[in-house]
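So you can see what is in the structure, the chains are spelled out below.
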Amino acid sequence: MSNKKLVRSKNNRVFAGVLGGIADYFGWRANVLRWGFVLVLLIGIFASYSSILLILVYALAAVMMPNEGGQA
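Attention in this report is confined to the structure presented alongside it. Everything numeric in this text was worked out from a predicted model, so none of it was measured.

1. A look at the packing of helix 1 (residues 18–26) against helix 2 (residues 30–45)
Phase 1: Here helix 1 crosses helix 2 at 130°, and the two axes come no closer than 9 Å. When the interaxial angle is binned, helix 1 and helix 2 end up oblique. The element helix 1 and its partner helix 2 pack so that their crossing is right-handed. Contact residues: Leu 19, Gly 20, Ile 22 and Ala 23 in helix 1; Ala 30, Leu 33, Arg 34 and Phe 37 in helix 2.
Phase 2: Among the residues forming the contact of helix 1 with helix 2, the class breakdown is six nonpolar, one polar and one charged.

As structure tokens, then:
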């Protein structure tokens, strides 16, 4: 069993490091995940409130996920 933790990335961040941390945790490429996030966000603009919900989920994850390497 590995001791991987879901944390906000310190080195692989654009805004808060949430997507970089998720990419590191699952072994994905962070830029692909970011482009997918932006694509879903842009598609969600045409839906009623889905883009606002996506931004709120990102903000909640930024608050709840700990920083990589402990609290800063």
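2. Notes on the nonpolar core
A general feature of soluble globular proteins is that nonpolar side chains tend to end up buried together.
Phase 1: In terms of nonpolar packing, the biggest core is built from ten residues, these being Ala 16, Val 18, Leu 19, Ala 23, Ala 30, Leu 33, Phe 37, Tyr 58, Ala 62 and Met 65.
Phase 2: Elements with a minimum of two residues in this core: helix 1, helix 2 and helix 3 (50–64).
Phase 3: Aside from chain neighbours lying at most four places away, what touches Ala 23 is Trp 28, Arg 29, Ala 30 and Leu 33.

3. What about a nonpolar patch on the surface?
Phase 1: Side chains of Trp 35, Val 38, Leu 42, Ile 45 and Phe 46 sit close together on the surface and give an oily, nonpolar patch of about 630 Å² of accessible area.
Phase 2: Topologically, Ile 45 is positioned in helix 2.

4. Topic: the packing of aromatic side chains
Phase 1: One pass over the structure, following the stated rule, counts three aromatic pairs.
Phase 2: Look at Phe 26 and Trp 28: their rings are 4.8 Å apart centre to centre, the planes differ by 20°, and that puts the pair in the stacked class.
Phase 3: Classification of Phe 26 by relative accessible area gives partly exposed; the value is 47%.
Phase 4: Since its relative accessible area comes to 49%, Trp 28 is described here as partly exposed.
Phase 5: An angle of 50° between the planes, with centres 5.6 Å apart, marks the rings of Phe 37 and Tyr 58 as tilted. Of the two residues, Phe 37 is situated in helix 2 and Tyr 58 in helix 3; the sequence distance between them amounts to 21 residues.
Phase 6: A network of ring pairs unites the aromatic residues Tyr 25, Phe 26 and Trp 28 as a single cluster.

5. Some words on the side chain of Arg 8
Phase 1: Along the polypeptide, Arg 8 turns up in the segment before helix 1.
Phase 2: Despite its burial, Arg 8 remains without a salt bridge, the nearest opposite charge being carried by Glu 68 at 9.9 Å.
Phase 3: Among the polar contacts made by the side chain of Arg 8, one reaches the side chain of Asn 67 at a distance of 2.6 Å.
Phase 4: For Arg 8, the residues in contact, after removing those within four places along its chain, are Arg 13, Ala 16, Gly 17, Val 18, Ala 62, Met 65, Pro 66, Asn 67 and Glu 68.

Parameters and conventions
Residues numbered from 1 in each chain as written. Predicted model: local features only at pLDDT ≥ 70, side-chain atom pairs only at ≥ 80, totals over all residues. Heavy atoms only, no water. Axes fitted to C-alpha atoms, helices over the stretch in contact; angles between N-to-C directions. Helix = DSSP H or I, 4+ residues; strand = E, 2+ residues; numbered from the N terminus. Parallel < 35°, antiparallel > 145°, perpendicular 65-115°, else oblique. Left-handed = near helix turned anticlockwise from the far one by under 90°. Contact = heavy atoms within 4.5 Å. Nonpolar A, V, L, I, M, F, W, Y, C, P; charged D, E, K, R; others polar. Core = buried A, V, L, I, M, F, W, Y, C linked by side-chain atoms within 4.5 Å. Buried < 20%, exposed > 50% of the residue type's maximum accessible area, 1.4 Å probe, protein only. Patch = residues over 30% accessible without salt bridge, like charges linked within 9 Å, V, L, I, M, F, W, Y side chains within 5 Å. Areas by Shrake-Rupley, 256 points an atom, 1.4 Å probe, with all protein chains shown as cover. Salt bridge = Lys/Arg side-chain N within 4 Å of Asp/Glu carboxyl O. Phe/Tyr/Trp six-rings, centres within 6.5 Å; stacked < 30°, edge-to-face > 60°. Lys, Arg positive; Asp, Glu negative; His and termini not counted. Polar contact = N/O pair within 3.5 Å; in protein donor to acceptor, adjacent residues only side chain to side chain.

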